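Topology and contacts: notes
Given next are the chains, with one letter for each unit.
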Amino acid sequence: MQLYTGLINHYKDRLPVDENTKFISLGEGNTPLIQLKNIPSLLSKNVDIYVKYEGLNPTGSFKDRGMTMAVTKAVESGSKAIICASTGNTSVAAAAYAARAGIKAFVLIPEGKIALGKLAQTMIHGATIIQIKGNFDDGMRLVKEVADHAPVSIVNSINPFRLQGQKTAAFEVVEELGDAPDYHCLPVGNAGNISAYWMGYKEYHQDGKASETPVMLGYQAKGAAPFIKGEMINNPETVATAIRIGHPQSWDLAHTVKQESNGWFDALSDEDILSAQKLLAEKEGIFCEPASAVSLAGAMRDIKSGKIPEGSKIVCTLTGHGLKDPDSAIAQCNSEDMIIIEPEITKVRDAILNEGID
Ligand SMILES: *Cc1c(COP(=O)(O)O)cnc(C)c1O
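Read on for an overview of the structure.

Observations concerning the sheet that holds strand S8 (residues 215–221)
Judged by pairing direction, the sheet is mixed, and its 6 strands sit side by side in the order S1-S2-S10-S7-S8-S9 without closing on themselves. Edge positions in the sheet fall to strand S1 (33–35) and strand S9 (264–268), since each of these pairs with one other strand and no more. Between one strand and the next, the sheet's axes are offset by a mean angle of 25°, whatever the strand orientation. Inspection of the sheet shows S1 paired to strand S2 (residues 48–53) by 3 bridges, in the antiparallel sense. When the sheet's bridge partners are listed, Gln-35 is paired in S2 with Tyr-50. Taken strand by strand, helix H9 (residues 192–206) contacts S2, strand S7 (183–187), S8, S9 and strand S10 (313–318), and its axis lies near 170° from that of S8. Along the sheet face, helix H13 (residues 290–304) touches S2, S7, S8, S9 and S10 and points at about 155° away from the line of S10.

Dropping the structure here:
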């Protein structure tokens, strides 16, 4: 028997753990890298696009990669409780890994602004939910102060163990492709993840496991684009709630990534984000949440314009599963397209033939 027991055990030589560390794991990591078959030809461009489907982590987002490390280290240091501010997925991962470890999780979320699936997950795992009448940035400010007032470990991405765990996604990409891709596209909120991937790619390059490092491309939503504006913003707004962030915590790290990798940041409208989400679902059978679709929307735009040249190998990270946010998926589909009939075979036949399949 050879169980896959999660990314810390798999990459323990490259992570800050030792033989006495008790790993808190739900089998995260080892997610599929799927080559897109239909979208490249729709773009009429000769490119290889792969998606790293992080929605298939145990709680449905890449946050599990960082949380397995953060909770492992919190427990190792004797902590009995963790806390985070979250747009949703960090609180889900914190809740699940705290449940696994038998410790308490406190999560600060913006009132009314988290997707339904994420709320359900956080509740069922038994976290204490503190809704704040404010946004993620307000929650983050409070979490940074609370450690001085209460015995809790912060598990936001300002916790360096989070990025250590998240860098393993870059290792997996290199191992599957046999080398680094030419371009790696990511949605950017706090910019922890793009910084973690860059760490991972650089580490594998330095150790000779990859012959090059990719150009890193970070995409934001237009209404929440401090990196494109060049300064923090106060009232971020976007349908992509996971990246509805105006004061990114990894501001300096992200600028270093851009500079060192010769990459760029850009912003996309909510409309472009949602249509990329729908295209991926309809043409490739892959369902991601709106924030994740930002990476594909950005890649498609830059492929079309030629900024990403033909012949390139491109990886887009799909950060979270589409089921996280059922409301925004349903809102994009026309419920009038649903066919309602009497329970008779002739009606079913007509419904099929009316679709005009040949
Ligand atoms: C957290 C999150 C992001 C943003 O990642 P950062 O590290 O904050 O840049 C993007 N998409 C989803 C689904 C997320 O949960």
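Description of helix H6 (residues 136–146)
Inspection of H6 places Phe-136, Asp-137, Gly-139, Met-140 and Val-143 among the buried residues, and these make up the whole buried set. Seen from one end, H6 has its buried residues packed into an arc of 155°, which puts them on one side.

Thoughts on the packing of aromatic side chains
Evaluated as defined, the whole model comprises 6 aromatic pairs. Here Phe-227 and Trp-251 contribute two aromatic rings whose centre-to-centre distance is 4.7 Å and whose plane-to-plane angle is 15°, an arrangement assigned as stacked. Of this pair, Phe-227 sits in helix H10 (residues 226–229) while Trp-251 is found in helix H11 (residues 251–261), placing the two residues 24 residues apart along the sequence. Each member of the pair, Phe-227 together with Trp-251, is buried. Here the aromatic residues Tyr-11, Phe-171 and Tyr-204 are joined through ring pairs into a cluster of three or more. The ring of Phe-171 has Arg-14 lying over it, and the distance from NZ or CZ to the ring centre is 5.6 Å. Residue placement shows Lys-209 over the ring face of Tyr-204; its charged tip is 5.3 Å from the ring centre.

Points about the site of the ligand
Contacts to the ligand come from 16 residues, most closely from Lys-63, Asn-89, Asn-190, Ala-191 and Thr-319. In the model, an oxygen atom of the ligand is placed 2.7 Å from a nitrogen or oxygen of the Asn-89 side chain. In the complex, 97% of the free accessible area of the ligand, which totals 390 Å², lies under the protein chains. A majority-of-atoms criterion places the ligand in the largest cavity. Its residues placed into classes, the shell around the ligand shows 7 nonpolar, 7 polar and 2 charged.

A word on the layout of surface pockets
What the largest pocket holds in volume is close to 190 Å³. Ile-39, Leu-42, Leu-43, Leu-268, Asp-272, Ser-275, Ala-276, Leu-279, Ala-297, Met-300, Arg-301 and Lys-304 together form the lining of the largest pocket. Of all the secondary-structure elements, those providing two or more residues to the lining of the largest pocket are helix H2 (39–42), helix H12 (270–284) and H13. Its residues assigned to classes, the lining of the largest pocket comprises 8 nonpolar, 1 polar and 3 charged.

Remarks on the sheet that holds strand S4 (residues 104–110)
An order of S5-S4-S3-S6 is seen for the 4 strands of this open sheet, with the pairing classed as parallel. The sheet terminates laterally at strand S5 (128–132) and strand S6 (153–154), the two strands that pair on one side only. Its contacts with the sheet place H6 against strand S3 (81–85), S4, S5 and S6, and it is angled at close to 145° to S3.

Thresholds applied
Residues numbered from 1 in each chain as written. Predicted model: local features only at pLDDT ≥ 70, side-chain atom pairs only at ≥ 80, totals over all residues. Heavy atoms only, no water. Pairing = 2+ DSSP bridges. Helix = DSSP H or I, 4+ residues; strand = E, 2+ residues; numbered from the N terminus. Axes fitted to C-alpha atoms, helices over the stretch in contact; angles between N-to-C directions. Contact = heavy atoms within 4.5 Å. Buried < 20%, exposed > 50% of the residue type's maximum accessible area, 1.4 Å probe, protein only. Arc of directions from axis to C-beta. Phe/Tyr/Trp six-rings, centres within 6.5 Å; stacked < 30°, edge-to-face > 60°. Lys NZ or Arg CZ within 6 Å of the ring centre and 35° of its normal. Near = heavy atom within 4 Å. Polar contact = N/O pair within 3.5 Å; in protein donor to acceptor, adjacent residues only side chain to side chain. Areas by Shrake-Rupley, 256 points an atom, 1.4 Å probe, with all protein chains shown as cover. 1 Å grid on protein atoms, 1.4 Å probe; cavity = no way out; pocket = protein on both sides within 12 Å on 5 of 7 lines; lining within 4 Å. Sits in = over half its atoms within 2 Å of the grid points. Nonpolar A, V, L, I, M, F, W, Y, C, P; charged D, E, K, R; others polar. Points joined across faces, edges and corners; volume = space filled by probe spheres on them.

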